[in-house]
Amino acid sequence: MVFTIEEINNSTELLPGIKLGYQIHDSCASVPLAMHVTFQLSNGLDRVFYTREECSQSGMVMAIIGESGSTQSISMSRIIGAFNIPQVSHFATCACLSDKQQYPSFFRTIPSDQFQADALAKLVKHFGWTWIGAVRSDSDYGNNGMASFLDAAQKEGICVEYSESFYRTYPRSRIQRVAEVIRRSTSLVIVAFAASGDLKILLEELSRKPSPPRQWIGSESWVTNPDMLKFSACAGAIGFGIQQSVIPGLREFLLGLSPTTVAASPLLTEFWEDAFNCRLAKSAAIDERVCHGNEDIKTLQDPYTDTSQLRISNMVYKAVYAIAHAIHNEVCQDTNFTAQCDKFTRIDSKQVVSQLKKVHFSQNGYDVSFDANGDPVARYELVNWQKRESGSIEMVTVGRYDASLPEGQEFRINRMLTWVEGSTEVPVSVCSDSCPPGTRKVLQKGKPVCCYDCTPCPEGEISNATDSPDCSPCPKEFWPNAERDTCLPKPIEFLSFDEALGIILAAFSVAGACLAIITAAVFFRHRTSPIVRANNSELSFLLLFSLTLCFLCSLTFIGAPSDWSCMLRHTAFGITFVLCISCVLGKTIVVLMAFKATLPGSNVMKWFGPPQQRMTVVIFTFIQVLICIIWLLLRPPFPMKNLTIFKERIILECALGSSIGFWVVLGYIGLLAVFCFVLAVLARKLPDNFNEAKMITFSMLIFCAVWITFIPAYVSSPGKFTVAVEIFAILASSFGLILCIFAPKCFIILFKPEKNTKKHLMNKNQS
């Protein structure tokens, strides 16, 4: 501060002709001492600040620089704020001091802890640490800074295992308790928002007993303090520090101290005596070494002569210049690149406060200005404590943080970091390992949100991100893969010609059609034989034709359903089966009528001759055709994707459109079959040689049994097996008809030709 005031007083551009005076007080980090001096300054002092020339306003305080601590600054600002005396702090970082309602005249050249807390939270998040410990000074600096950090950490999804406070004056038992909490903790990372004097006490306590290695994250108060580098347990620590700077001429000024200058200042006297381990003559005791006056300050190797780490010093430098610029803007006028100042202009501290709000200048390449809260733009260096080969620890700047940059671009790390125990691998500090895709987080009862178990996603749901809090259901036509991290299209299932079941059913369908055609060929080849002529050959050929269609119509049920195939399969099935049953019914009636005609005086055959037989088949079939047409016109069958039977696959099937239509078609077939069965039962006791009714009875018995069992099987069969059951019913009933009705006749025609004679057919059964 002295150097800066001397530099300003010697300047021809800033406050030319005006000299700034000053007094320096040491509060010893004590609030009572700071308050005492504040009251003194507020009341106004009569002593002259600057003694070489006459001062125009002796004793009037224009501004106060300080305090270093936030607690002391808060106490001071509450007093001097009432008098509108500006206070510019170089090291008080508590975010609470940004409140202009409580601290209207407070300014600072160091960024607020709010910015540092946000930066620390983003730093922790950047390295993936979600489970941390926190310690703080039990002071305004530590408590307010940690509160800001915890709020920012919560927004970033970071959990805090513990948050402990301590202070340098606390009893050792309380410091030991904090140390034990750290030793027992499971989090590897510790964020310390503490003053260096407080943290020093805690680190000394931790060093007394072996402790697990911890990765320390520090606030600027201690992480850039060279005196703290002696704690090897903190090797690898990272944190934010005030930007380093170079102040031209400061080193020469510091090395230019003479014994005469030192003797005139109590502050410098104390420094001189401590540095050279001697006492100036006026304060020396009898048994103490007296300073000879030839001590050379240039030979000292201590922080005083080391100007390579100027951080806080630069904040003081900027604070003094900010006040000087505020006074300059009030008492001087700049014209033609020269400043004209009236040193007799009386100004008060309120005017200086007003000018400080508008100050904006650049000094040594650094911009200085204050926002509406009296805070500067937040810029930090990222500092890493790295161990040298010699074993000593040095502070290395590894990156930058600029709060004025767009979000996401504030960080810039440009050097390799070393971590706890000298590792180059980023340490892991999490309460629970990340949940992989395909699982979701389930919070552990009574623990923070960062402590969770990983549970596989429920059936039908996926998570495709790490640490997903929820699983999302797949779209209707999709299903999760085995890992449940992506949705895949559900396989579409239908009875196809490529699978074994489809091939077998198709083979039986073709075989049945071929059997019907071969039977027809045999009948046609022997169409003049008595056994063919005796059983109504016209209806027999029509029946064989309808059976061929019945066998072939089952093929329409195999393959991917389409609009045409869905309409064709049900209508073709209904019409061909009615045609088939109508022919069987006609043959049954013919048998009955034939034996009725043998009775004396009976003329019944003329009422049921071939024209009437054809008409019966046409009428019965036409009714079914009419039912099918109405069904197709009103609500025809259509292909649909059934998503309800199976969750993991889609059943492509034909919807009935109208269930009533389907069951009417089926019911009509059943009605004809029952009617035919009843007539065949009535005709079963007629003479065997003429009697076809017994075979029709067996065939209708098989037919009815098949379709009665079909109904529950059809309703209960899932997916493509519904279609397979329907095909099986068609084939079983068709084979039943062709085997029961035509197999005995073909056997006689081919293997028992001696029975295929009119004489044999006309022969009555012997009792």
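Bear in mind that the values here come from a model prediction, so they are computed numbers and not experimental data.

Participant: Any chance you could explain the sheet that holds strand β2 (residues 87-89) here in plain terms?
Facilitator: Strand order in this open sheet of 3 strands is β1-β2-β3, and the pairing throughout is parallel. Since the sheet does not close on itself, it has two edges, and those belong to β1 (64-65) and β3 (106-108), each with one partner. With 2 bridges joining them, β1 and β2 adopt parallel strand pairing. The residue bridging Ile65 from the neighbouring strand is Val88, located in β2. Contacts from helix α3 (residues 70-80) reach β1, β2 and β3 within the one sheet, and its direction differs from that of β2 by about 165°.

Participant: Is there a simple way to explain the nonpolar core in this structure?
Facilitator: Most often, soluble globular proteins keep nonpolar side chains buried together rather than apart. Membership of the largest hydrophobic core comes to 71 residues, with the highest contact counts inside it found for Phe573, Met700, Phe703 and Trp707. Going through the elements one at a time, α14 (500-525), α15 (530-534), α16 (537-553), α17 (563-597), α18 (610-634), α19 (659-682), α20 (693-716) and α21 (720-751) are the ones with two or more residues in this core. Setting aside residues up to four positions removed in sequence, Phe573 forms contacts with Cys553, Phe557, Leu568, Leu666, Ile669, Trp707 and Ile730. Grouped together as the second largest cluster of nonpolar side chains are 45 residues, Leu15, Leu250, Tyr317 and Ala326 included.

Participant: Is there a simple way to explain the environment of Phe107 in this structure?
Facilitator: Position of Phe107 among the secondary structure elements: in strand β3. Classification of Phe107 as buried rests on a relative accessible area of 2%. Taking the C-alpha atoms as reference points, Phe107 and Leu199, 92 residues apart in sequence, are found 27 Å from one another.

Participant: Please explain the side chain of Ser349 as it appears in this structure.
Facilitator: Considering the arrangement of structural elements, one finds Ser349 in helix α13 (residues 349-356). Classification of Ser349 by relative accessible area gives buried; the value is 10%. Apart from residues lying up to four places away in sequence, Ser349 is in contact with Val61, Met62, Phe83, Asn84, Ile85 and Pro86.

Participant: Where do I start with the confidence of the model for the protein chain in this structure?
Facilitator: Interpretation of this model should avoid reading the predicted coordinates in detail wherever pLDDT is low. Looking at the protein chain as a whole, its pLDDT mean stands at 85, while 91% of the residues score no less than 70. Taken together, the stretch residues 46-51 has pLDDT below 50 and engages in 16 contacts with residues farther than four places along the chain or on a different chain.

Participant: What am I meant to see in the state of the cysteines here?
Facilitator: Evaluated as defined, the whole model comprises 9 disulfides. Linked covalently through their sulfurs, Cys435 and Cys454 form a disulfide whose S-S length is 2.0 Å. On the sign convention where negative is left-handed, the bridge of Cys435 and Cys454, at about -95° about the S-S bond, is left-handed. Of the two residues, Cys435 is situated in the loop between β15 (411-413) and β16 (439-443) and Cys454 in strand β17 (residues 452-456); the sequence distance between them amounts to 19 residues. By relative accessible area, which is 0% here, Cys435 ends up buried.

Participant: Any chance you could explain the sheet that holds strand β22 (residues 492-493) here in plain terms?
Facilitator: Strands belonging to one sheet form pairs held by backbone hydrogen bonds; the direction of such a pair is parallel or antiparallel. The mixed open sheet is built from 3 strands, whose spatial order is β22-β24-β23. Every interior strand has two partners, whereas the edge strands, β22 and β23 (638-642), have only one. Examined bridge by bridge, β22 and strand β24 (residues 650-655) share 2 bridges and lie parallel to one another. Across the sheet, Ile492 pairs through a bridge with Ile650, a residue of β24.

Participant: Where do I start with α21 in this structure?
Facilitator: At Phe742, α21 is deflected by roughly 45°, the largest bend along its length, and proline Pro744 occurs up to four residues later in sequence. For α21, the tally of buried residues reaches 23 of 32 residues, placing the bulk of the element in the interior.

Participant: I'm lost on the packing of helix α4 (residues 113-126) against helix α5 (residues 140-155) in this one. Help?
Facilitator: Relative placement of two packed helices is described by the angle separating their axes and the distance separating the axes. Axis separation between α4 and α5 bottoms out at 8 Å; the angle between their running directions is 45°. Taken together, the axes of α4 and α5 lie oblique to each other. The crossing of α4 and α5 is right-handed. Only Tyr141, Gly145, Ser148, Phe149, Ala152 and Ala153 of α5 make contact with α4, whose side of the interface consists of Asp113, Gln114, Gln116, Ala117, Asp118, Leu120, Ala121 and Val124. A per-class count over the contact of α4 with α5 returns 8 nonpolar, 4 polar and 2 charged.

Participant: What should I look at first to understand the environment of Val377 in this one?
Facilitator: Within the fold, Val377 resides in the loop between β12 (366-369) and β13 (379-387). Using a relative accessible area of 40% as the deciding quantity, one classes Val377 as partly exposed. In this structure the C-alpha to C-alpha distance between Val377 and Asp367, which are 10 residues apart in sequence, comes to 8.9 Å. Look past the residues within four positions of Val377 in its chain and what remains in contact with it is Pro111, Asp402 and Ser404.

Participant: What is the right way to read the pattern of salt bridges from this model?
Facilitator: Charged atoms that come close allow side chains of opposite charge to pair. Summed over all chains, the structure comprises 17 salt bridges. Measuring nitrogen to oxygen at the nearest pair gives 3.0 Å for the salt bridge that ties Lys122 to Glu410. Here the residue Lys122 occupies a position in helix α4, and Glu410 occupies one in the loop between β14 (393-402) and β15, the gap between them amounting to 288 residues. Here Glu493 and Arg649 are joined by a salt bridge, their closest N and O atoms 2.9 Å apart. Placement of Glu493 in strand β22 and of Arg649 in the loop between β23 and β24 is noted, with a sequence separation of 156 residues between them. Taking relative accessible area as the criterion, Glu493 reaches 17% and is therefore assigned buried. Shared partners join several salt bridges into a network, and the residues in it are Arg172, Glu205 and Arg208.

Participant: Would you mind going over unusual backbone geometry with me for this structure?
Facilitator: Most peptide bonds take the trans configuration, and most residues that are not glycine carry a negative phi. Of note, the bond from Gly66 into Glu67 is cis; its omega dihedral lies within 30 degrees of zero at -5°. Looking at the secondary structure, you find Glu67 in the loop between β1 and α3. The residue Ala29 is not glycine, and still its phi comes out positive at about 60°. With respect to the helices and strands, the residue Ala29 is situated in the loop between α1 (2-9) and α2 (31-43). Of the residues examined, Ala29 reaches a relative accessible area of 42% and is grouped as partly exposed.

Participant: Could you clarify how one ought to interpret the side chain of Arg569 in this entry?
Facilitator: Of note, Arg569 is situated in helix α17. Summary of buried charges: Arg569 has no salt-bridge partner, and the nearest side chain of opposite charge, Glu726, is 6.4 Å away. Of the polar contacts made by the side chain of Arg569, one reaches the backbone oxygen of Thr556; its length is 3.1 Å. A polar contact is formed between the side chain of Arg569 and the backbone oxygen of Phe557, at a distance of 3.4 Å.

Participant: Teacher, can you tell me more about the packing of α1 against helix α12 (residues 312-331) here?
Facilitator: The interhelical angle for the contact between α1 and α12, taken along N-to-C directions, is 35°, at an axis separation of 9 Å. In the packing of α1 onto α12, the handedness of the crossing is right-handed. Residue-level contacts link Phe3, Thr4, Ile5, Glu7 and Ile8 of α1 to Tyr317, Val320, Tyr321 and Ala324 of α12. The class makeup of the residues in the contact of α1 with α12 is 7 nonpolar, 1 polar and 1 charged.

Participant: Explain the pairing of β13 here, please?
Facilitator: Look at any regular strand and the pattern is simple: side chains alternate between the two faces of the sheet. Across the 9 residues that make up β13, a large majority, 7, are buried. Where strand β8 (residues 238-242) lies against β13, 5 bridges are found, and the strand directions are antiparallel. In the sheet register, Phe240 faces β13, and the bridge partner there is Leu382. Summarising the sheet, β13 and β14 pair through 9 bridges and their orientation is antiparallel. Counted as the bridge partner of Tyr380 is Tyr401 from β14. In this structure, the hairpin formed by β13 and β14 is closed by a connection of 5 residues, where Gly391 is found at a positive phi of approximately 100°.

Thresholds applied
Residues numbered from 1 in each chain as written. Predicted model: local features only at pLDDT ≥ 70, side-chain atom pairs only at ≥ 80, totals over all residues. Heavy atoms only, no water. Pairing = 2+ DSSP bridges. Helix = DSSP H or I, 4+ residues; strand = E, 2+ residues; numbered from the N terminus. Contact = heavy atoms within 4.5 Å. Axes fitted to C-alpha atoms, helices over the stretch in contact; angles between N-to-C directions. Core = buried A, V, L, I, M, F, W, Y, C linked by side-chain atoms within 4.5 Å. Buried < 20%, exposed > 50% of the residue type's maximum accessible area, 1.4 Å probe, protein only. pLDDT = per-residue confidence, 0-100. Disulfide = S-S within 2.5 Å. Bend = angle between axes of the 7 residues up to and from the residue. Parallel < 35°, antiparallel > 145°, perpendicular 65-115°, else oblique. Left-handed = near helix turned anticlockwise from the far one by under 90°. Nonpolar A, V, L, I, M, F, W, Y, C, P; charged D, E, K, R; others polar. Salt bridge = Lys/Arg side-chain N within 4 Å of Asp/Glu carboxyl O. Lys, Arg positive; Asp, Glu negative; His and termini not counted. Polar contact = N/O pair within 3.5 Å; in protein donor to acceptor, adjacent residues only side chain to side chain.

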